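Commentary on secondary and tertiary structure
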Amino acid sequence: MKILIIGGGSIGGSMALRLCERGYRVSVFDTCEKILSTLFYSGIETGPLDLLLPGNEITVIATPMSVELELLESMEFNGPVMDVASVMRPFREVASRRKIRFINGHPMAGNEHSGPAGWDRRMFEGRPFFLSPCGMARNSDVSTALKIVNDLGARPEFIEPAEHDKMLSRISQGLYYLSRVAMKLGKNHEKYAGPGFASTTRLGRQNREMVLDMARYNGDNIAEALEKIEEYLHKVKEAIRSKDMMELVKLIDLEEI
């Protein structure tokens, strides 16, 4: 399969290396010369975007979300397009309006590093990879996307964009800010911290540009998640302050926030 990946960051570069290893003919476009040269010496084709676009069975957009939106608004795609963004709805809307054969895709995988430091051929193994084809996508396009996901070693799961975006605000994007709070609370005391602090603060070390894009394109869901967190923490604070252990036990055992 001939595949073009636009964006060679942590996700795009990891996909490129894995799929090349699996026998795909992979080409990558990125604006960073270091990324392109490193991928080139790994057997991956690079070059100007206009020369790489023709003849691919699918194009994968693995850029920051603001860049992806510009690409979907301005470029002409002759074949199917899949993205890897952690937000779905805004890109689905643009792709549907422009009648692009588009498949929202989001691998539940990654790390806090960017560029070549974040590349990992095994990043996707055993991880869920959400897919949501838009109305213009053909059955053959979906089959192509499924083959890619399976060859990455991931587990494909179909989901609606609205459900996906709300879920991500609760299991990742809203929790980023809790992680940042933990980092601020523990500042100057890290040398005494154990693995609990490391795991709690890992999410807070994400790329700032990506975090801003999440707020920009999924802000309503994130704000709603933060409101629920705020309400819960207020109750916890009051129970602790008043030494009401029975109420604190109820809050700790609460199944839903």
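Our subject is the structure that appears above.
What comes next is a walk through the structure.

What follows concerns the nonpolar core. Counting residues in each nonpolar core, the largest one holds 31 residues, and the members touching the most others are I3, I5, M15, V26, M82, F129 and I148. Listed by contribution, the elements that provide at least two residues to this core are β1 (2–6), α1 (10–21), β2 (25–29), α2 (33–40), β4 (58–61), β7 (128–133) and α6 (139–151). When residues of this core are assigned to their parent elements, the largest contribution, five residues, is made by α1. Ignoring sequence-local partners within four residues, the contact set of I148 consists of M1, I3, M15, L19, Y24, I58 and M82. Of all hydrophobic cores here, the second largest spans 22 residues; its members include M75, A85, A95 and I100.

Below, the discussion takes up the sheet that holds β1. The strands making up a sheet associate through hydrogen bonds between their backbones, and the pairing can be parallel or antiparallel. Reading across the sheet, the eight strands line up as β3-β2-β1-β4-β5-β6-β7-β8 and stay open at both edges, with mixed pairing between neighbours. Looking at the sheet topology across the chains shown, the edges are occupied by β3 (45–46) and β8 (155–158). Across five bridges, the pairing between β1 and β2 is parallel. Among the inter-strand pairings, I3 is bridged to a residue of β2, identified as V26. α6 contacts β1, β4, β5 (81–83), β6 (102–107), β7 and β8 of the sheet and is inclined by roughly 140° relative to β8.

Tallied over the full model, the rule gives 15 salt bridges. In this structure, the salt-bridge partner of E21 is R121, at a minimum N-O distance of 3.8 Å. Linking E21 in helix α1 with R121 in the loop between β6 and β7, this pair joins segments that are 100 residues apart in sequence. Two residues, R101 and D141, come together in a salt bridge whose shortest N-O distance is 2.7 Å. One end of the pair, R101, is in the loop between α5 (89–97) and β6; the other, D141, is in helix α6, with 40 residues separating them in the sequence.

Cut-offs used in this document
- Residues numbered from 1 in each chain as written.
- Predicted model: local features only at pLDDT ≥ 70, side-chain atom pairs only at ≥ 80, totals over all residues.
- Heavy atoms only, no water.
- Core = buried A, V, L, I, M, F, W, Y, C linked by side-chain atoms within 4.5 Å.
- Buried < 20%, exposed > 50% of the residue type's maximum accessible area, 1.4 Å probe, protein only.
- Helix = DSSP H or I, 4+ residues; strand = E, 2+ residues; numbered from the N terminus.
- Contact = heavy atoms within 4.5 Å.
- Pairing = 2+ DSSP bridges.
- Axes fitted to C-alpha atoms, helices over the stretch in contact; angles between N-to-C directions.
- Salt bridge = Lys/Arg side-chain N within 4 Å of Asp/Glu carboxyl O.

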